[in-house]
Amino acid sequence: MTDRKKVAFYTLGCKLNFSETSTIARNFTEEGFDRVDFEEVADIYVINTCSVTENADKQFKQVVRKAMKLNDKAFVAAVGCYAQLKPEELANVDGVDLVLGATEKFKITDYINDLSKNDMGEVHSCEISEADFYVGSYSIGDRTRAFLKVQDGCDYKCTYCTIPLARGISRSDALENVLKNAKEISEQNIKEIVLTGVNIGDYGKGEFGNKKHEHTFLELVQELDKVDGIERLRISSIEPNLLKNETIEFVSKSRTFVPHFHIPLQSGSNEILKLMKRRYLREVYTERVNKIREVMPHACIGVDVIVGFPGETDEHFLETYHFLNDLDISYLHVFTYSERDNTEAATMPGVVPATVRAKRSKMLRGLSVKKRRAFYESQLGSDRIVLFESENKEGYIHGFTENYVKVKTPWNPELVNTLHPINLTKIDEDGSVRMEFMNASITT
């Protein structure tokens, strides 16, 4: 009988990282490894890293220490964005044995010859200019929804962002392959697929290794809507300049795409947007929100915003605050600006003190609570469809409606990964929404 080695995975960062971790994990399984939970003792721990914020860097070291506590003889491999940007830095972290860059991570099993610990991490990292080919990925078996990668890399040059340095040029999966992956996911009884990528609105560029667009994002959405067996499709973060009115209108009439958009703003000040080298002004953002509200009044609209960018004065911040306060959006993801090496913003004048950044972040987080509450209140009394999650949280099961209202009802394992028509009744103390089943035969 062979001694099968155990491998565990930990993912930091975005939905795209989750989709890629799942693909890497399937490669290990195909090579004869047994996948176990990261909380268990394993022979190999693979950590998929993020480098969007300083906090993600610190988290990596904490995760390595956690793995070493579980098994101090385990082989630890680091992959992902931080591994591409700072391979030597990661290799020097105590306990790390292998560091793989952007192109090498999908061939990780080729680099694991034996599992003996190294005095210092071994680095295999390409020049980012070599990251010009596409590897399709999707998560499956980890959640009640799947993250389907459709695009990678970015050609934008936002002054605060390291992602082009970590992931390379914009490139897309072939439409045929995206549809094949979506069909595979649907056959696994997963009810919801979230489309993910670095800049998914740029879908079609680099689809067959060339720079021109073979297909558009709208064509991708239209074709995915035809795939049998998919109950829900959700668009993850999409740039406002790439979210076209035609796409918004199609989603409003779609069979499977849900009325939920997450659109990065980053600043409500045109002056700061120009310093960031964003490809739109706030007037374009307002147009997108108004168009969504025109055709989908009940849609959920999430916003990314950065506080404390170099040169952001109190007046700039208040411009952002009032812009968001007046805008009919549903919630905010607030990021405190952190300096990243090799970015233009890191050398800009007008550095905002950390205490001021923290204060501004707190103000916008408070605004987000207010916005989410107002959105949830606007939905009370309406009929929606909920998809229930798999976790028992203090005797309750939670789920999300198609327009991303978080609901709760007493725990019932039979509800996991099922869709049900419900009526939204009241907002609970924890901020989630109570509900009643439309089907009287369902009890909790």
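Our structure's up above, just so we're on the same page.
Attention in this report is confined to the structure presented alongside it. All figures in this text were calculated on a predicted structure; none of them were measured in a lab.

**Looking at the sheet that holds strand β10 (residues 192-196)**
Paired through backbone hydrogen bonds, the strands of a sheet run either parallel or antiparallel to each other. Taken in spatial order, the 3 strands make up an open sheet running β7-β10-β11, and their pairing is parallel. Each of the sheet's edge strands pairs with one partner strand only, and the pair in question is β7 (145-149) and β11 (232-235). Adjacent strand axes in the sheet meet at a mean angle of 25 degrees, parallel and antiparallel pairs treated alike. In the sheet, β7 pairs with β10 via 5 bridges, with the strands oriented parallel. The residue bridging Phe 147 from the neighbouring strand is Val 194, located in β10.

**Some points on the pairing of strand β13 (residues 300-307)**
On any regular strand, side chains alternate: one points to one face of the sheet, the next to the other face. Most of β13 is tucked away, with 8 of its 8 residues classed as buried. In this sheet, strand β14 (residues 331-336) lies alongside β13 in parallel orientation, the contact comprising 6 bridges. Its bridge partner lying in β14, Val 305 is registered against Val 334. Note on the crossover from β13 through helix α12 (residues 314-326) to β14: the handedness is right-handed.

**Considerations on the sheet that holds strand β3 (residues 44-49)**
Read from one edge of the open sheet, 6 strands run β2-β1-β3-β4-β5-β6, paired in parallel fashion. At either end of the open sheet lies a strand with only one pairing partner, and these are β2 (34-35) and β6 (122-124). Inspection of the sheet shows strand β5 (residues 98-100) paired to β6 by 3 bridges, in the parallel sense. Within the sheet, the bridge partner assigned to Leu 100 lies in β6 and is His 124.

**Considering unusual backbone geometry**
For Gln 266, which is not a glycine, the phi torsion comes out positive at approximately 75 degrees. Residues other than glycine seldom take positive phi values, yet Lys 277 does so here, at roughly 60 degrees. Here Lys 277 shows up in the loop between α10 (270-276) and α11 (282-295). Classification of Lys 277 as partly exposed rests on a relative accessible area of 42%.

**Description of helix α13 (residues 354-379)**
With 26 residues, α13 extends 38 Å from end C-alpha to end C-alpha; this agrees with the ideal 38 Å at 1.5 Å per step. For α13, the complete set of buried residues consists of Arg 357, Arg 360, Ser 361, Leu 364, Leu 367, Ser 368, Lys 371, Phe 375, Tyr 376 and Gln 379. One or two residues past the end of α13 sits Gly 381, with phi positive at roughly 90 degrees.

**What about the pattern of salt bridges?**
Pairing between side chains becomes possible if they bear opposite charge and their charged atoms approach one another. Applying the stated criterion across every chain, the model contains 34 salt bridges. When the shortest N-O distance is used, the salt bridge between Asp 152 and Lys 149 registers 3.2 Å. Taking relative accessible area as the criterion, Asp 152 reaches 5% and is therefore assigned buried. Take Lys 149: its relative accessible area is 0%, and that puts it in the buried class. Among the charged side chains, a salt-bridge network with shared partners connects Glu 20, Lys 105, Lys 149, Asp 152, Arg 167 and Arg 171.

**Section: the environment of Leu 324**
Its location among the elements puts Leu 324 in helix α12. The exposure class of Leu 324 is buried, given its relative accessible area of 0%. Considered as a pair, Leu 324 and Val 303 are 21 residues apart in the sequence and their alpha carbons are 9.0 Å apart. If we skip the residues at most four places from it in the chain, Leu 324 touches Leu 265, Val 303, Val 305, Ile 329, Leu 332, Leu 364, Leu 367 and Lys 371.

Basis of the calculations
- Residues numbered from 1 in each chain as written.
- Predicted model: local features only at pLDDT ≥ 70, side-chain atom pairs only at ≥ 80, totals over all residues.
- Heavy atoms only, no water.
- Pairing = 2+ DSSP bridges.
- Helix = DSSP H or I, 4+ residues; strand = E, 2+ residues; numbered from the N terminus.
- Axes fitted to C-alpha atoms, helices over the stretch in contact; angles between N-to-C directions.
- Buried < 20%, exposed > 50% of the residue type's maximum accessible area, 1.4 Å probe, protein only.
- Right-handed = clockwise from strand over helix to strand, strands pointing away.
- Expected span 1.5 Å × (residues − 1).
- Salt bridge = Lys/Arg side-chain N within 4 Å of Asp/Glu carboxyl O.
- Contact = heavy atoms within 4.5 Å.

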